[in-house]
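Below, each chain spelled out in residue letters.
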Amino acid sequence: MSSLMKNYAYAVVTILIALTVAHFLADDSYQWQVNSISQLGAQAYDKAWIIHFGFIAFGIIVLLTGASRIRMDVKYWFRETPIMIYGFAILLSGIFSAEPFMAGVAYSTQEAQLHGLFATVAGFALTTAILMFTFTDVPNSRRIVHFIALVLVTGFSLLFGVLPNVAGIMQRLLWAAGFSWLLYLGFNPIPRDHSNAKSSA
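Residues numbered from 1 in each chain as written. Predicted model: local features only at pLDDT ≥ 70, side-chain atom pairs only at ≥ 80, totals over all residues. Heavy atoms only, no water.

Concerning helix α4 (residues 109-136)
- With 28 residues, α4 should reach 40 Å at 1.5 Å per residue; the first-to-last C-alpha distance of 41 Å fits that figure.
- For α4, the set of buried residues is Ala112, His115, Phe118, Ala122, Ala125, Leu126, Ala129, Ile130, Phe133 and Thr134. (Helix = DSSP H or I, 4+ residues; strand = E, 2+ residues; numbered from the N terminus. Expected span 1.5 Å × (residues − 1). Buried < 20%, exposed > 50% of the residue type's maximum accessible area, 1.4 Å probe, protein only.)

Structure (structure tokens):
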């Protein structure tokens, strides 16, 4: 089986490349400290396709990877499924665009609301996935990593909502925490023999 289908790292690398290019080419009016990542793909923005590609590609790779990981160990489908929902929601947020960051630009409020809905679903699904791993993974050292990721993702999510002047910074820290957790899953395979893992905890 191809390693592409086993490791969420490929999804993370793909979207990081898109994010880097989108930031590098962003208009001067875009303020990363305040504006959201989603607004790099805003309606009426001529460079929106860059982040749209990143979101959609990320979602597709996460879905394929999650399906492959479930086939490898089907009894833990309940842990991978929220990650797949997360990926699918990110994919959909790449189809429906956020409101513009440019002043005075007409846009579809319905599309912006759909984007916001899918972004919210993505955040909830990711948090649920981390919570599932926190309670069910072994050994305990892995659970500690998941718990730290849970605290960071939850904390930055709350700060993103209550600190509008630095919302862009908080969101990037949130994404960094989530991506770091996906990388941890990718480069630290789940022990195949859980009984041995428990005895070594």
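Comments concerning unusual backbone geometry
- Residue Val138 is joined to Pro139 through a cis peptide bond whose omega torsion reads 0 degrees.
- Relative to the elements of secondary structure, Pro139 occurs in the loop between α4 and α5 (140-162).
- Unlike most non-glycine residues, Ala44 shows phi in positive territory, near 65 degrees.
- Inspection of the secondary structure assignment puts Ala44 in the loop between α1 (9-24) and α2 (48-72).
- Look at Ala44 and you get exposed, because its relative accessible area is 58%.

Comments concerning the environment of Met72
- By the element assignment, Met72 lies in helix α2.
- On the basis of relative accessible area, Met72 is assigned to the partly exposed category, the value being 36%.
- A sequence separation of 59 residues divides Met72 from Leu131, and the C-alpha atoms of the two residues are 21 Å apart.

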